[in-house]
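Commentary on secondary and tertiary structure
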Amino acid sequence: MIYLQLFWEFFKTGLFSIGGGMATIPFLQDMAVSTGWFNSAQLADMIAVAESTPGPLGVNTATYVGYTTGTQVLGTVGGILGAVIATLGLVAPSIIVIIIIACILDKFRKNRYVDSAFYGLRPASVGLIAAAGVSIIFLSFLRVDEITDLFTKAQFNVKYVILAVVILVLTNWVPKVKKLHPIFFILFAAVVGIVFKFGQ
(Lines give C-alpha, C1' and ligand atoms only; values in the text may rest on other atoms or scores of the structure.)
Protein backbone atom coordinates (compact mmCIF):
# COMPACT_ATOMS: atom_id res chain seq x y z
CA MET A 1 0.00 0.00 0.00
CA ILE A 2 2.84 2.41 0.82
CA TYR A 3 4.21 1.96 -2.70
CA LEU A 4 0.90 2.88 -4.30
CA GLN A 5 0.78 5.95 -2.08
CA LEU A 6 4.36 6.87 -3.00
CA PHE A 7 3.56 6.55 -6.70
CA TRP A 8 0.34 8.57 -6.41
CA GLU A 9 1.84 11.40 -4.31
CA PHE A 10 4.77 11.86 -6.68
CA PHE A 11 2.55 11.41 -9.75
CA LYS A 12 0.47 14.40 -8.56
CA THR A 13 3.66 16.36 -7.93
CA GLY A 14 5.02 15.57 -11.37
CA LEU A 15 1.70 16.41 -13.04
CA PHE A 16 1.24 19.86 -11.54
CA SER A 17 4.73 21.17 -10.77
CA ILE A 18 4.97 23.25 -13.92
CA GLY A 19 8.33 24.99 -14.22
CA GLY A 20 10.89 22.37 -13.30
CA GLY A 21 12.56 21.12 -10.16
CA MET A 22 12.17 24.19 -7.97
CA ALA A 23 8.43 24.19 -8.66
CA THR A 24 8.16 20.79 -6.92
CA ILE A 25 9.10 22.30 -3.54
CA PRO A 26 5.62 23.62 -2.62
CA PHE A 27 4.21 20.18 -3.43
CA LEU A 28 6.89 18.50 -1.33
CA GLN A 29 6.04 20.81 1.57
CA ASP A 30 2.40 19.79 1.27
CA MET A 31 3.45 16.15 1.08
CA ALA A 32 5.48 16.51 4.28
CA VAL A 33 2.38 17.77 6.11
CA SER A 34 -0.10 15.28 4.65
CA THR A 35 2.01 12.09 4.86
CA GLY A 36 4.55 12.71 7.64
CA TRP A 37 7.26 11.00 5.59
CA PHE A 38 9.68 13.87 6.28
CA ASN A 39 9.69 17.25 8.03
CA SER A 40 10.70 20.73 6.90
CA ALA A 41 14.26 20.42 8.17
CA GLN A 42 14.71 17.13 6.27
CA LEU A 43 13.23 18.78 3.17
CA ALA A 44 15.79 21.59 3.41
CA ASP A 45 18.56 18.96 3.63
CA MET A 46 17.10 17.09 0.66
CA ILE A 47 17.06 20.27 -1.41
CA ALA A 48 20.68 21.02 -0.50
CA VAL A 49 21.81 17.48 -1.41
CA ALA A 50 19.65 17.31 -4.55
CA GLU A 51 21.03 20.63 -5.82
CA SER A 52 24.59 19.48 -5.11
CA THR A 53 24.32 16.15 -6.93
CA PRO A 54 23.76 15.23 -10.58
CA GLY A 55 20.18 15.12 -11.79
CA PRO A 56 17.06 17.26 -11.47
CA LEU A 57 15.96 18.37 -8.00
CA GLY A 58 12.52 16.76 -8.29
CA VAL A 59 13.88 13.37 -9.35
CA ASN A 60 16.57 13.37 -6.67
CA THR A 61 14.12 14.21 -3.90
CA ALA A 62 11.59 11.63 -5.15
CA THR A 63 14.30 8.98 -5.12
CA TYR A 64 15.41 9.98 -1.63
CA VAL A 65 11.90 10.05 -0.15
CA GLY A 66 10.97 6.78 -1.84
CA TYR A 67 14.11 5.09 -0.55
CA THR A 68 13.79 6.28 3.06
CA THR A 69 10.05 5.55 3.20
CA GLY A 70 10.49 2.11 1.66
CA THR A 71 13.34 1.36 4.07
CA GLN A 72 11.11 2.16 7.04
CA VAL A 73 8.50 -0.32 5.77
CA LEU A 74 10.46 -3.28 4.39
CA GLY A 75 14.14 -2.63 5.03
CA THR A 76 16.82 -1.86 2.45
CA VAL A 77 15.31 -3.95 -0.34
CA GLY A 78 11.99 -2.16 0.11
CA GLY A 79 13.90 1.09 0.09
CA ILE A 80 15.27 0.48 -3.39
CA LEU A 81 11.81 -0.45 -4.64
CA GLY A 82 10.35 2.65 -2.98
CA ALA A 83 12.98 4.83 -4.66
CA VAL A 84 12.19 3.38 -8.10
CA ILE A 85 8.41 3.69 -7.65
CA ALA A 86 8.53 7.28 -6.34
CA THR A 87 10.86 8.31 -9.18
CA LEU A 88 8.62 6.64 -11.78
CA GLY A 89 5.62 8.38 -10.24
CA LEU A 90 7.30 11.77 -10.61
CA VAL A 91 8.44 11.33 -14.23
CA ALA A 92 5.39 9.45 -15.57
CA PRO A 93 3.20 12.57 -16.04
CA SER A 94 5.97 14.34 -17.98
CA ILE A 95 6.40 11.36 -20.28
CA ILE A 96 2.65 11.08 -20.88
CA VAL A 97 2.17 14.81 -21.46
CA ILE A 98 5.19 15.12 -23.77
CA ILE A 99 3.99 12.19 -25.89
CA ILE A 100 0.52 13.77 -26.20
CA ILE A 101 1.98 17.19 -27.02
CA ALA A 102 4.36 15.70 -29.58
CA CYS A 103 1.40 14.05 -31.31
CA ILE A 104 -0.78 17.14 -31.47
CA LEU A 105 1.56 20.13 -31.31
CA ASP A 106 2.03 20.49 -35.07
CA LYS A 107 -1.73 20.45 -35.53
CA PHE A 108 -2.44 23.01 -32.80
CA ARG A 109 0.77 25.06 -32.89
CA LYS A 110 -0.97 28.18 -34.25
CA ASN A 111 -4.17 27.74 -32.25
CA ARG A 112 -4.73 30.93 -30.24
CA TYR A 113 -6.24 29.04 -27.28
CA VAL A 114 -3.22 26.75 -27.01
CA ASP A 115 -0.92 29.75 -27.35
CA SER A 116 -2.82 31.61 -24.63
CA ALA A 117 -2.67 28.57 -22.35
CA PHE A 118 1.13 28.40 -22.69
CA TYR A 119 1.41 32.11 -21.90
CA GLY A 120 -0.88 31.60 -18.90
CA LEU A 121 1.33 28.82 -17.57
CA ARG A 122 4.37 31.09 -17.41
CA PRO A 123 3.24 33.22 -14.44
CA ALA A 124 2.07 30.07 -12.66
CA SER A 125 5.59 28.67 -12.99
CA VAL A 126 7.11 31.91 -11.73
CA GLY A 127 4.74 31.90 -8.74
CA LEU A 128 5.58 28.32 -7.79
CA ILE A 129 9.33 28.90 -8.10
CA ALA A 130 9.08 32.17 -6.13
CA ALA A 131 7.14 30.38 -3.38
CA ALA A 132 9.87 27.74 -3.25
CA GLY A 133 12.55 30.43 -3.01
CA VAL A 134 10.76 32.21 -0.15
CA SER A 135 10.34 28.88 1.69
CA ILE A 136 14.05 28.14 1.41
CA ILE A 137 14.87 31.63 2.72
CA PHE A 138 12.65 31.08 5.76
CA LEU A 139 14.09 27.61 6.40
CA SER A 140 17.71 28.63 5.95
CA PHE A 141 17.97 32.16 7.27
CA LEU A 142 15.21 32.26 9.88
CA ARG A 143 14.70 28.54 10.67
CA VAL A 144 10.91 28.72 10.50
CA ASP A 145 8.62 26.37 8.58
CA GLU A 146 5.71 28.75 8.03
CA ILE A 147 5.40 32.50 7.59
CA THR A 148 2.96 32.47 10.53
CA ASP A 149 5.90 31.48 12.78
CA LEU A 150 7.95 34.47 11.65
CA PHE A 151 7.41 36.54 14.81
CA THR A 152 7.31 33.70 17.34
CA LYS A 153 9.92 31.10 16.36
CA ALA A 154 12.33 32.88 14.01
CA GLN A 155 16.03 32.48 14.83
CA PHE A 156 18.04 34.74 12.54
CA ASN A 157 21.11 32.86 11.32
CA VAL A 158 23.87 35.36 10.59
CA LYS A 159 26.33 32.74 9.26
CA TYR A 160 23.88 31.61 6.57
CA VAL A 161 23.20 35.17 5.45
CA ILE A 162 26.91 36.01 5.26
CA LEU A 163 27.63 32.91 3.17
CA ALA A 164 24.71 33.68 0.83
CA VAL A 165 25.85 37.30 0.38
CA VAL A 166 29.48 36.26 -0.25
CA ILE A 167 28.45 33.75 -2.92
CA LEU A 168 26.02 36.27 -4.46
CA VAL A 169 28.80 38.86 -4.74
CA LEU A 170 31.37 36.35 -6.05
CA THR A 171 29.04 34.94 -8.71
CA ASN A 172 27.77 38.29 -9.96
CA TRP A 173 30.32 41.07 -9.44
CA VAL A 174 33.82 39.55 -9.26
CA PRO A 175 34.81 38.96 -12.91
CA LYS A 176 37.52 36.33 -12.38
CA VAL A 177 35.53 34.32 -9.86
CA LYS A 178 32.30 34.74 -11.85
CA LYS A 179 33.76 32.55 -14.61
CA LEU A 180 34.29 29.56 -12.30
CA HIS A 181 32.07 26.50 -12.65
CA PRO A 182 29.06 26.34 -10.25
CA ILE A 183 30.43 23.12 -8.69
CA PHE A 184 33.25 25.24 -7.22
CA PHE A 185 30.72 27.29 -5.23
CA ILE A 186 28.86 24.17 -4.08
CA LEU A 187 32.11 22.64 -2.79
CA PHE A 188 33.15 25.98 -1.27
CA ALA A 189 29.83 26.22 0.61
CA ALA A 190 30.17 22.62 1.82
CA VAL A 191 33.67 23.27 3.17
CA VAL A 192 32.55 26.50 4.87
CA GLY A 193 29.62 24.61 6.42
CA ILE A 194 32.00 22.01 7.89
CA VAL A 195 34.66 24.47 9.08
CA PHE A 196 32.25 26.92 10.68
CA LYS A 197 29.91 24.17 11.99
CA PHE A 198 26.74 25.22 10.23
CA GLY A 199 23.59 23.53 11.52
CA GLN A 200 24.87 23.25 15.08
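A brief report on the enclosed structure follows. Numbering of residues starts from 1 in every chain and runs along the sequence as written. Predicted model: local features are reported for residues with pLDDT of at least 70 only, side-chain atom pairs are reported and counted for 80 or more only, and whole-chain, interface and lining totals are derived from all residues. The side-chain values count all of the structure's non-hydrogen atoms but skip hydrogen atoms and water molecules.

**Description of a nonpolar patch on the surface**
To keep it simple, the criterion reads: A patch consists of residues exposed above 30% relative accessible area that lack any salt bridge, with like charges linked at up to 9 Å and nonpolar side chains (Val, Leu, Ile, Met, Phe, Trp, Tyr) linked at up to 5 Å. For the accessible areas, the method is Shrake-Rupley and the probe is 1.4 Å, while residue cover comes only from the protein chains on display. By convention in these notes, a salt bridge is any Lys or Arg side-chain nitrogen within 4 Å of a carboxyl oxygen on Asp or Glu. Strands are runs of DSSP state E lasting at least two residues, helices are runs of H or I lasting at least four, and both sets are numbered from the N terminus onward. Under the scheme applied here, a residue whose accessible area is under 20% of the maximum for its type counts as buried, over 50% as exposed, and between as partly exposed, the area being computed with a 1.4 Å probe on protein chains only.
Together, Phe-7, Tyr-67, Ile-80, Val-84 and Leu-88 make up an exposed nonpolar region whose accessible area comes to about 440 Å². With 4 residues, helix H4 (residues 57-108) is the single largest residue contributor to the nonpolar patch. With respect to the helices, strands and loops of the structure, Ile-80 is situated in helix H4. The exposure class assigned to Ile-80 is exposed, which follows from its relative accessible area of 51%.

**Let's talk about unusual backbone geometry**
A negative phi angle characterises most non-glycine residues, just as the trans form characterises most peptide bonds. Of note, the phi angle at Lys-197 is positive, near 55°, even though the residue is not glycine. By secondary structure assignment, the location of Lys-197 is in the segment after helix H8 (182-195).

**Some points on the side chain of Glu-9**
Note the threshold: By definition, residues are in contact when any of their heavy atoms lie within 4.5 Å.
With respect to the secondary-structure elements, Glu-9 resides in helix H1 (residues 2-16). Those residues within four positions of Glu-9 in sequence are excluded, and the remaining contacts are Met-31, Ser-34, Thr-35 and Trp-37.

**Structural notes on the layout of surface pockets**
Counted only if it meets this: The pocket and cavity definitions rest on a 1 Å grid over protein atoms only: a 1.4 Å probe that fits but cannot leave marks a cavity, an open set with protein on both sides within 12 Å along at least five of seven lines marks a pocket, and residues lining either have an atom within 4 Å of a point. Grid points are joined across faces, edges and corners, and a volume is the space filled by probe spheres set on the points. Lys, Arg, Asp and Glu make up the charged group, whereas Ala, Val, Leu, Ile, Met, Phe, Trp, Tyr, Cys and Pro make up the nonpolar group; the residues left over, Gly among them, are polar.
Reported here for the largest pocket is a volume of approximately 1300 Å³. When residues of the lining of the largest pocket are traced back to their parent elements, those giving at least two are helix H3 (40-52), helix H5 (112-142), helix H6 (158-173) and H8. With 9 residues, H3 is the single largest residue contributor to the lining of the largest pocket. Class assignment of the residues belonging to the lining of the largest pocket gives a composition of 20 nonpolar, 6 polar and 4 charged. Lining the second largest pocket are 25 residues, and of these Gly-14, Leu-15, Ile-18, Ser-94 and Val-97 lie nearest its centre. Listed by contribution, the elements that provide at least two residues to the lining of the second largest pocket are H1, H4 and H5. When residues in the lining of the second largest pocket are grouped by element, the largest group, 12 residues, is from H4. Of the residues in the lining of the second largest pocket, the class split is 17 nonpolar, 8 polar and no charged.

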